[in-house]
Amino acid sequence: MFDLNKLVRENVKSLKPYSSARDDYHGREGIFLDANENPYGLLNRYPDPFQKELKAAISQIKEVPDDMIFLGNGSDEIIDLSFRILCKPGVDKALTFSPSYGMYEVSATVNDVSIIKIPLTRDFQISFEDVIPWLSDGAVKLILICSPNNPTGNCFDRNVLEQIIVNFDGIVLVDEAYIDFAGQPSLIDRITSFNNLIVMQTFSKAFGMASARVGMAFTNPEIVRYFNKIKPPYNISTINQKAVLKKLGKTGEYHRQVKKIKSERGRLAAALQKLPYTEKVFPSDANFLLVRVKDAGFIYQALVKKGIIVRNRSNLVDNCLRITIGTEYENNKLIGALKSIAL
Ligand code: PMP
């Protein structure tokens, strides 16, 4: 049985959180002599620690109540905070899949948490059979699943994800950084059914706000309270909160860009497929393509010489490049460069 109180580390449970200067007074007007700020200037005040205005806007768009939303300084902060809430350093474990997003392992290691990496199947899916033995290992507190997965680009079978969530007494964090580009719906509609589910999304991809560093976690209010309890008090700057709020007012732009990126993804995939050294263009539910070529190292270097930077992911998937979908102009430049490379 999932029991959050049993799961959370004792030091987190008993922690008396830092009380920030603005916790007691929520008005905008007043004489603020409480936070040792400089009284002059434009950016002189600390940001709203709980990003209430931004959360209200996100709540409307995502149709999730604001007490089920936590915002991090990028989703990378949410990953790190999840480890800190749940995993006792040197004792507890986390589980993820391979290949997947590199920060899960980095964050685990920083927190001195050992990470189990279950290989994906040949078609980059999760084998539930392989997960079963770990579900009853009491030391495994957190499962991190990236869907659509980076770098393979595919979504995982939703039934398998739900099977894992239902059969696990720890917390399952589903990282949906690329969900806006997917043909499959988000798991966000399941956060009220599963208390142990965190669905994570970000403004860094489809919303085009990577520079603002705002990640979202949608989960049950009790987990949100723990995130709030341990986070640095002012984790998202006022400038970044405002920038994202402004962007949320332009949903037309977001829809147009997602549509364009998806159509460019199809066009680029077809062009890559025609190259003599391409072995496979993997289907993508994300804003990038994973492509297997004859000699990824050589092609990567040849592109660098032409000023085009892609990602060589050969250490994760044999002879594979991961290519982000750019503008039409950038994609044409890439296609032209690739056509001129002779292997
Ligand atoms: N999750 C995945 C799967 C990613 O690929 C990335 C960024 N490359 C992130 C999370 C980090 O996102 P953020 O910018 O919100 O920290």
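Caption draft 1: Up close: the overall build of the chain. Per the secondary structure count, the chain includes 12 helices and 11 strands. In terms of C-alpha radius of gyration, the chain reaches 22 Å, essentially the compact-globule figure of 20 Å for 343 residues. Overall, the C-alpha framework of the chain stretches about 65 × 55 × 30 Å when taken along its three principal axes. By the burial criterion, 52% of the 343 residues in the chain qualify as buried. Carbon and sulfur atoms make up 52% of the accessible area of the chain, which amounts to about 16700 Å² in all.

Caption draft 2: Broad picture of the domain arrangement of the chain. Each assigned domain of the chain is listed here: domain 1 (4-249) and domain 2 (252-339). A separation of 29 Å is found between the C-alpha centroids of domain 1 and domain 2. Here domain 1 and domain 2 share an interface that buries about 1600 Å² over both sides, 60% of which is from carbon and sulfur atoms. Area buried by domain 1 at its contact with domain 2 is led by Phe124, Pro151 and Phe181, which between them contribute 37% of it. At the boundary of domain 1 with domain 2, the tally comes to 1 salt bridge. In this structure, the salt-bridge partner of lysine 247 is glutamate 253, at a minimum N-O distance of 2.7 Å. On inspection of domain 1 and its partner domain 2, the count reaches 8 residue pairs in polar contact (both at pLDDT 80 or more). Split by residue class, the side of domain 1 that touches domain 2 holds 10 nonpolar, 6 polar and 2 charged.

Caption draft 3: Representation of the nonpolar core within the structure. By size, the foremost hydrophobic cluster in this structure holds 56 residues, and its most contacted members are Phe97, Ile126, Ile143 and Ile164. Looking at this core element by element, the count peaks at 4 residues for helix H7 (residues 158-167). Domain assignment of the residues forming this core places at least three in each of domain 1 (4-249) and domain 2 (252-339). Counting residues in hydrophobic clusters, the runner-up holds 30 residues, among them Ala108, Val113, Ile223 and Tyr226.

Caption draft 4: Main features of the site of the ligand. Residues in contact with the ligand amount to 13 residues; listed here are only the nearest, Ser75, Asp175, Thr202, Ser204 and Arg213. Between the ligand and the protein, one listed contact pairs an oxygen atom with a side-chain N or O atom of asparagine 150 at 2.9 Å. Between aspartate 175 and the ligand, the recorded distance is 2.6 Å, taken from a side-chain N or O atom to a nitrogen atom. Calculation on the ligand without its partners gives an accessible area of 400 Å², and the protein chains cover 91% of this total. Its residues assigned to classes, the shell around the ligand shows 4 nonpolar, 5 polar and 4 charged.

Caption draft 5: Summary view of the side chain of lysine 141. Residue position: lysine 141 is located in strand S4 (residues 140-146). A distance of 3.0 Å separates polar atoms of two side chains, one belonging to lysine 141 and the other to aspartate 92. Residues contacting lysine 141, with those up to four places away along its chain left out, are Leu7, Leu86, Cys87, Asp92, Lys93, Phe168, Gly170 and Ile171.

Caption draft 6: Expanded view of a nonpolar patch on the surface. On the surface, Leu42, Leu43 and Ile239 cluster together into a nonpolar patch covering about 390 Å² of accessible area. On the secondary structure map, leucine 43 appears in the loop between helix H2 (10-13) and helix H3 (52-62).

Caption draft 7: How the structure looks around the packing of aromatic side chains. On inspection of all chains with the given rule, the structure shows 7 aromatic pairs. Between the aromatic rings of phenylalanine 207 and tyrosine 254, the centroid separation amounts to 4.3 Å while the plane-to-plane angle is 15 degrees, which identifies the pairing as stacked. Within this pair, whereas phenylalanine 207 is found in the loop between strand S6 (197-202) and strand S7 (214-218), its partner tyrosine 254 is found in helix H10 (residues 251-273), the two being separated by 47 residues in sequence. Taken together, the ring pairs connect Phe203, Phe207 and Tyr254 into an aromatic cluster. Positioned above the aromatic ring of phenylalanine 288 is the side chain of arginine 322, whose terminal nitrogen or guanidinium carbon lies 5.6 Å from the ring centre.

Quick notes on the rules
- Residues numbered from 1 in each chain as written.
- Predicted model: local features only at pLDDT ≥ 70, side-chain atom pairs only at ≥ 80, totals over all residues.
- Heavy atoms only, no water.
- Helix = DSSP H or I, 4+ residues; strand = E, 2+ residues; numbered from the N terminus.
- Rg over C-alpha atoms; globule rule 2.2 N^0.38 Å.
- Buried < 20%, exposed > 50% of the residue type's maximum accessible area, 1.4 Å probe, protein only.
- Areas by Shrake-Rupley, 256 points an atom, 1.4 Å probe, with all protein chains shown as cover.
- Domains from an automatic or database assignment.
- Buried area = accessible area lost by both parts, 1.4 Å probe.
- Salt bridge = Lys/Arg side-chain N within 4 Å of Asp/Glu carboxyl O.
- Polar contact = N/O pair within 3.5 Å; in protein donor to acceptor, adjacent residues only side chain to side chain.
- Nonpolar A, V, L, I, M, F, W, Y, C, P; charged D, E, K, R; others polar.
- Core = buried A, V, L, I, M, F, W, Y, C linked by side-chain atoms within 4.5 Å.
- Near = heavy atom within 4 Å.
- Contact = heavy atoms within 4.5 Å.
- Patch = residues over 30% accessible without salt bridge, like charges linked within 9 Å, V, L, I, M, F, W, Y side chains within 5 Å.
- Phe/Tyr/Trp six-rings, centres within 6.5 Å; stacked < 30°, edge-to-face > 60°.
- Lys NZ or Arg CZ within 6 Å of the ring centre and 35° of its normal.

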